[in-house]
Number of protein chains: 2
Amino acid sequence: MKRVAVILSGCGVSDGTEIHEAVLTLLALDRAQALVICAAPNIPQTQVVNHATKQVEGASRNVLIESARIARGKIIPLNCLKLSDIDAIILPGGFGAAKNLCNYASSPTNFEVNPDLAKVLQEARRAGKPMGFLCISPVIAAKLFGSENVELTIGVDPETSAAVQRMGAKHVNCDAHNVVIDRRLKIVSSPAYMVAERIADIEVGINKLVQTVLALA
Amino acid sequence: MKRVAVILSGCGVSDGTEIHEAVLTLLALDRAQALVICAAPNIPQTQVVNHATKQVEGASRNVLIESARIARGKIIPLNCLKLSDIDAIILPGGFGAAKNLCNYASSPTNFEVNPDLAKVLQEARRAGKPMGFLCISPVIAAKLFGSENVELTIGVDPETSAAVQRMGAKHVNCDAHNVVIDRRLKIVSSPAYMVAERIADIEVGINKLVQTVLALA
């Protein structure tokens, strides 16, 4: 049984994990009989966004506690995730990946990755454990593995693809039904809602990403 | 193209809509080319629960605004939902169905259904439009249609099945891979996480429920 960490960043596309992407990742992993460990940083969210109006609200929420909604309570703090306990790592997207797991959203040309996340992803790379990145989260892979010229996709957006290329990544345009596979670095990416409008479309790429990550593990 | 209202009750199994059930309902509807209209009451949540600790928190949240997280912002207030705009209605589960759409959770022997919800469900019944109820939400069908001896399932829990029977419903034990169909009233139910532990299991019953509801529409 393959053990896969799913890294969450809140609960909701505008300030946390994109819920559909996370749930379809969990579904594909469960269908494949994988053991899932959800993890999220125990930190305040950068923002709380009213998803009905898209307005930023004043309230404060915690990334781990909100992520627990998607995980139905089965979640651990990211700094408790041990690489020895997992065979692969997958990051769903949503603005939480760009606001809470790193600060790409506010500082696209000069951002930092959450140190606990950077540590486990870099350890996974050194250990040859595969990683999957959905939607906007490949900017994190570009930041950490651009020096190794990681090949990935964030869809077709010119601005974001230029950003990942500035970090050294090789960008490949891709639709929501497909994945880009860097077999050398064992990094798989699919653009999901970076390009798609419909949940049935993102499911196709997410299924391929999960199957590819598991096959590489 | 069939038009289906999905009634949400927040965002998270312990105080709102069960997220996996809602997302898999949206997925099955999209796969079937249905047009989805998400709706939720514009009212305060009965509770806010920390899903990591299961503790009730002091904060207040709004059912419509939190539901918008699952709907990616595409949602309308329940009191704006017109029966003439839809061909069918589906209610996912989660404690929100029993805390925010009615007060079954706090008063199982003597509860009331949100008036806007009761109105649209009773109108749908009179118009012969099919309805699907997942997880705990069939208690609402039992309350509204027990006088017509609706046949439904809430899984196998003795206490909850006794409660729906007291309201006049006929209860049928059912697992997460199956549905109970009342063809006379066009009411379909599946227990989802009332009985299941795994997301891949609830998907089977939810797919059957969606397909049956659409076939009845």
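To start, this report covers the structure provided alongside it. Everything quoted here is computed from the prediction, not taken from an experiment.

In this assembly, 35 residues from chain A lie in contact with 35 residues from chain B. Summing both sides of the interface, chain A and chain B together bury roughly 3,200 Å²; the carbon and sulfur share of this comes to 52%. Where chain A packs against chain B, one counts 10 salt bridges. For Glu203 of chain B, the salt bridge is made with Arg31 of chain A, and the minimal N-O distance between the two is 2.7 Å.

Copies of the same chain, two in number, are related to each other by a rotation about an axis and a translation along it. Once turned by 180 degrees and shifted 0.0 Å along the axis, chain A lies on chain B with an RMSD of 0.0 Å. The two molecules are tied by a two-fold rotation axis, judged by turn and shift. Every residue of chain A has its C-alpha some distance from the rotation axis, and the shortest such distance is that of Val23 of chain A, at 3.5 Å. A share of 100% of the interface residues of chain A reappears at the interface of chain B, consistent with the copies meeting face to face through the same patch.

Time to look at the pattern of salt bridges. Tallied over the entire structure, the rule returns 22 salt bridges over all chains. With a closest N to O distance of 2.8 Å, Arg61 of chain A and Glu66 of chain B form a salt bridge. Taken together, the residues Arg61 of chain A in the loop between β4 (56-57) and α2 (63-70) and Glu66 of chain B in helix α2 (residues 63-70) connect one chain to another. For Arg61 of chain A, a relative accessible area of 9% translates into the label buried.

Here the focus is the pairing of strand β2 (residues 35-40) of chain A. All names here are of chain A. Here 5 bridges tie strand β1 (residues 3-7) to β2, and the two strands are oriented parallel to one another. Residue pairing for β2: Val6 is matched across the bridge by Cys38. In this region the chain leaves β1, passes through helix α1 (residues 19-31) and returns to the parallel neighbour β2; the handedness of that crossover is right-handed. In the sheet, β2 pairs with strand β5 (residues 75-77) via 3 bridges, with the strands oriented parallel. Residue pairing in the sheet places Ala39 in a bridge with Ile76 of β5.

Now for the environment of Val48 of chain A. Note on placement: Val48 of chain A falls in strand β3 (residues 48-49). Considering only alpha carbons, one finds Val48 of chain A and Ser161 of chain A, 113 residues apart in sequence, at a separation of 27 Å. Leaving out residues up to four positions away in the same chain, Val48 of chain A has contacts with Asp15, Gln55, Val56, Glu57, Ala59, Ser60 and Arg61 of chain A together with Arg69 of chain B.

Reading the values: the criteria
Residues numbered from 1 in each chain as written. Chains lettered and ligands numbered in written order. Predicted model: local features only at pLDDT ≥ 70, side-chain atom pairs only at ≥ 80, totals over all residues. Heavy atoms only, no water. Contact = heavy atoms within 4.5 Å. Buried area = accessible area lost by both parts, 1.4 Å probe. Salt bridge = Lys/Arg side-chain N within 4 Å of Asp/Glu carboxyl O. Least-squares fit on C-alpha atoms with pLDDT ≥ 70 in both. Helix = DSSP H or I, 4+ residues; strand = E, 2+ residues; numbered from the N terminus. Buried < 20%, exposed > 50% of the residue type's maximum accessible area, 1.4 Å probe, protein only. Pairing = 2+ DSSP bridges. Right-handed = clockwise from strand over helix to strand, strands pointing away.

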